[in-house]
Amino acid sequence: MTDESTTATDVSEDFPTLDEEDEKQLLPELVAHLREHRSKLREDWTGRIGDSRLLSAMTQQEVAVEATSVYDNYVEVLETGSVEALQDYARDLSERIIPRGVETHEVVGIVLLLRDVLARSLFEKYQSDFSLLNDVLDAYEPAANRIANTVAVSFVDERERVIRKQQDAIRELSTPVLPVRERLLVLPIIGVLDSERARQLTEQLLIGIRAHRAKVVVIDITGAPDVDETVANHLVQTVDASRLMGASVIITGVSPEIAQTLVTIGVDLSKMNTIGDLQSGLEEAERQLGYRLTRPEDRDDR
């Protein structure tokens, strides 16, 4: 028991915790070493990136260019202790490489590889003085971990921003609210209509009603293969919400399968104004708006 305690104490005394003053003295030396051997270390790093098959969506020249920038930003953070410039660069890098198909694990992987390459270089430099090596690594590792975390978080944040932007674009494309006449909107629904998309549909439609001061909305579900109970009830809610906004709703394109579903699940059909096809629905909408419908043959008779 006593021997174990003594051994633990001896180890603690041999490797005392590095204080801030010692760290401040060591970091400039680390930075000088990393800058002096910049070309070799960067070459070792890019070689390991290739061996690990990371950033395969980028050319070797592109990897080399980005590796130079990442390395210099990395060393600058070690020197200044500030990650702001690195955050800006990481966001900028993410904007460029995310569209190329680079994944989060690849970015994290290359930063960890750089951390390992630099740590190995420090080990080679200070291996003859084990106590000094321990102090050097104590100064280097917290900063290196902070850098890796900063790059990873910046990349993930940018990736999430891109995903949200893509989702918004897809949402707008999948539920386009089309103004076809003054005060008349058409909302064609194509594809599977689940509860989440139905919620988005209602949101887009109400925004469109307000923006275009619409009085009549035609919702065409010809392209919807099926409607379950949840979605059917959501359509009823959409009709009610549109009425509160001052617009009446005409639903067109109800297939026999959907009609059977609506009857089977007991949807309140009294709230739905349904018309067979889109053309008939548009004609009914124009009548509600007070437009006079003139057929081509009527114009020819004049």
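Here the structure is shown first, and the text comes after it.
Residues numbered from 1 in each chain as written. Predicted model: local features only at pLDDT ≥ 70, side-chain atom pairs only at ≥ 80, totals over all residues. Heavy atoms only, no water.

K.L.:
It is not clear to me how the pattern of salt bridges should be interpreted in this structure. Could you clarify?
P.N.:
A side chain with one charge can pair with a side chain of the opposite charge if their charged atoms come near. The full count for this structure, using the stated rule, is 14 salt bridges. Among the ionic pairs, Lys40 bridges to Asp44, the shortest N-O distance being 2.9 Å. Of the two residues, Lys40 and Asp44 both sit in helix α3 (residues 38-51), four residues apart, roughly one turn of that helix. Residue Lys40 is classed as exposed on the basis of its relative accessible area of 51%. Under the relative-accessibility criterion, Asp44 is labelled partly exposed at 31%. Here the salt bridges do not stand alone but share partners, grouping Arg48, Asp116 and Arg120 into one network. (Salt bridge = Lys/Arg side-chain N within 4 Å of Asp/Glu carboxyl O. Helix = DSSP H or I, 4+ residues; strand = E, 2+ residues; numbered from the N terminus. Buried < 20%, exposed > 50% of the residue type's maximum accessible area, 1.4 Å probe, protein only.)

K.L.:
Sorry if this is basic, but what is going on with the pairing of strand β3 (residues 216-223) here?
P.N.:
Residues in a regular strand point their side chains to alternate faces of the sheet. Across the eight residues of β3, six count as buried, placing the element largely inside the fold. At this point the chain moves from strand β2 (residues 184-190), through helix α8 (residues 195-212), to the parallel β3, and the crossover so formed is right-handed. In this structure, β3 lies alongside strand β4 (residues 248-252), joined through five bridges in parallel fashion. Looking at the pairing, Ile219 lines up with Ile251 of β4. Once the chain exits β3 it traverses helix α9 (residues 229-244) before rejoining the sheet at β4, and the crossover so formed is right-handed. (Right-handed = clockwise from strand over helix to strand, strands pointing away. Pairing = 2+ DSSP bridges.)

K.L.:
Please clarify how a negative patch on the surface should be interpreted in this entry.
P.N.:
Together, Asp194, Asp226, Asp228, Glu229 and Glu257 give the surface a local cluster of negative charge. For Asp226, the location among the structural elements is in the loop between β3 and α9. (Patch = residues over 30% accessible without salt bridge, like charges linked within 9 Å, V, L, I, M, F, W, Y side chains within 5 Å. Areas by Shrake-Rupley, 256 points an atom, 1.4 Å probe, with all protein chains shown as cover. Lys, Arg positive; Asp, Glu negative; His and termini not counted. Charge placed at Lys NZ, Arg CZ, Asp CG, Glu CD.)

K.L.:
Explain the packing of α3 against helix α4 (residues 60-80) to me, please; I cannot follow it from the model alone.
P.N.:
Relative orientation and spacing of two packed helices are given, respectively, by the angle between their axes and the distance between those axes. Axis separation between α3 and α4 bottoms out at 10 Å; the angle between their running directions is 125°. In terms of orientation, α3 lies oblique with respect to α4. Read as a crossing pair, α3 and α4 show a hand that is right-handed. The segment α3 lies against α4, with Arg38, Leu41, Arg42, Trp45, Thr46 and Ile49 engaging Val63, Ala67, Thr68, Val70, Tyr71 and Asp72. Across the contact of α3 with α4, the residue classes break down as seven nonpolar, two polar and three charged. (Axes fitted to C-alpha atoms, helices over the stretch in contact; angles between N-to-C directions. Parallel < 35°, antiparallel > 145°, perpendicular 65-115°, else oblique. Left-handed = near helix turned anticlockwise from the far one by under 90°. Contact = heavy atoms within 4.5 Å. Nonpolar A, V, L, I, M, F, W, Y, C, P; charged D, E, K, R; others polar.)

Nothing here speaks to function; it is geometry throughout.
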